[in-house]
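For reference, the chains in residue letters:
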Amino acid sequence: GENGIFIGAILSTALFAILHVNPKSFISGKEAIVDAGVLFGLQLCTGGTFCLLYLVTRDLAVPIVAHTLYDLYTFYGTHLEVSSQLEYADAQAILPQGTTTTIESKWRKERGDDFIESTKQCFYLMDTNRDGVLTRSE
């Protein structure tokens, strides 16, 4: 009856959220735990929405299509963000940086220009706020 539908909705939503969070995050330190908690909350909301779509329409295709559209939107947004960051890193890595430091000169002499450019590119890939400084949150 109604009780069974309610329990099924709660359990399926909880299972959806649990399966969309990396369990390793809960044992990886404070920041990872906070991130996992936020993601779990988001997944409870999305899973609840998909469950509600099924309950309203009684058609499993509706939440499946909604989930697919949500994933496509998320993947596309992530792709744009990553592509933009890659372009930024590529552009910054080849720019001259003014004076060359002693450390950079040492590595350039030992490993060559390609190593220095690759290292700068890695740095700028991590510099997500694009300020030329890396912080713990990046």
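Everything below is about the structure printed above this text.
Quick notes on the rules
Residues numbered from 1 in each chain as written. Predicted model: local features only at pLDDT ≥ 70, side-chain atom pairs only at ≥ 80, totals over all residues. Heavy atoms only, no water. Patch = residues over 30% accessible without salt bridge, like charges linked within 9 Å, V, L, I, M, F, W, Y side chains within 5 Å. Areas by Shrake-Rupley, 256 points an atom, 1.4 Å probe, with all protein chains shown as cover. Salt bridge = Lys/Arg side-chain N within 4 Å of Asp/Glu carboxyl O. Lys, Arg positive; Asp, Glu negative; His and termini not counted. Charge placed at Lys NZ, Arg CZ, Asp CG, Glu CD. Helix = DSSP H or I, 4+ residues; strand = E, 2+ residues; numbered from the N terminus. Buried < 20%, exposed > 50% of the residue type's maximum accessible area, 1.4 Å probe, protein only. Axes fitted to C-alpha atoms, helices over the stretch in contact; angles between N-to-C directions. Contact = heavy atoms within 4.5 Å. Nonpolar A, V, L, I, M, F, W, Y, C, P; charged D, E, K, R; others polar. Expected span 1.5 Å × (residues − 1). Phe/Tyr/Trp six-rings, centres within 6.5 Å; stacked < 30°, edge-to-face > 60°.

Student: Tell me about a negative patch on the surface, residues and numbers included.
Tutor: Residues Glu87, Asp90, Asp114 and Glu117 make up a contiguous surface patch of negative charge. Here Glu87 is to be found in helix α3 (residues 61-94). Given a relative accessible area of 58%, Glu87 falls into the exposed group.

Student: Before we move on, can you summarise the packing of helix α2 (residues 30-57) against α3 with the specific residues and values?
Tutor: Where α2 contacts α3, the two axes come as close as 8 Å, and the packing angle between them is 145°. Residues Leu42, Thr46, Phe50, Leu53, Tyr54 and Thr57 of α2 touch α3, and the partners they reach there are Val62, Pro63, Ala66, His67 and Tyr70. Residue composition of the contact of α2 with α3, by class: 8 nonpolar, 3 polar and no charged.

Student: Lay out the environment of His20 with the relevant residues and their values.
Tutor: By the secondary structure assignment, His20 is in the loop between α1 (2-19) and α2. In this structure His20 comes out as partly exposed when scored by relative accessible area, which is 33%. The residues touching His20, leaving out its near neighbours within four places in the chain, are Leu39, Gln43 and His67.

Student: I'd like to hear about the side chain of Ser25, residue by residue, with values.
Tutor: Examined against the element boundaries, Ser25 turns out to sit in the loop between α1 and α2. Those residues in contact with Ser25 that lie beyond four places of it in its chain are Ala32, Ile33 and Ala36.

Student: So what's going on with the pattern of salt bridges? Residues and values would help.
Tutor: Under the criterion given, the structure shown has 3 salt bridges. As a salt-bridge pair, Glu104 and Arg108 come within 2.5 Å of each other at their nearest N and O atoms. Residue Glu104 and its partner Arg108 are located together in helix α4 (residues 102-111), separated by 4 residues, close to a single helical turn. Using a relative accessible area of 16% as the deciding quantity, one classes Glu104 as buried. Among the ionic pairs, Asp113 bridges to Arg108, the shortest N-O distance being 2.6 Å. The network of salt bridges with shared partners includes Glu104, Arg108, Asp113 and Lys120.

Student: Describe unusual backbone geometry, and please don't skip the residues or the numbers.
Tutor: Phi angles above zero are rare outside glycine, and Arg58 is one such case at about 60°. Note that Arg58 resides in the loop between α2 and α3.

Student: Tell me about α3, and name the residues and values.
Tutor: Compared with the 50 Å implied by 1.5 Å per residue over 34 residues, the 49 Å span of α3 between its first and last C-alpha is a close match. Against the buried residues of α3 lie α2 and α5 (113-126).

Student: A description of the packing of aromatic side chains should follow, citing residues and the corresponding values.
Tutor: Using the criterion set out here, one finds 5 aromatic pairs in the structure. Aromatic side chains Phe16 and Phe50 sit 5.7 Å apart centroid to centroid with 80° between the ring planes, which places their arrangement in the edge-to-face category. Pair noted here: Phe16 is in helix α1 and Phe50 is in helix α2, with a separation of 34 residues, a long-range link. With respect to burial, Phe16 and Phe50 carry one shared label: buried. Geometrically, the ring pair formed by Phe50 and Tyr70 is edge-to-face, given 6.4 Å between the ring centres and 75° between the ring planes. One end of the pair, Phe50, is in helix α2; the other, Tyr70, is in helix α3, and 20 residues separate them in sequence. Put simply, the rings of Phe16, Phe50 and Tyr70 pair up and form one aromatic cluster.

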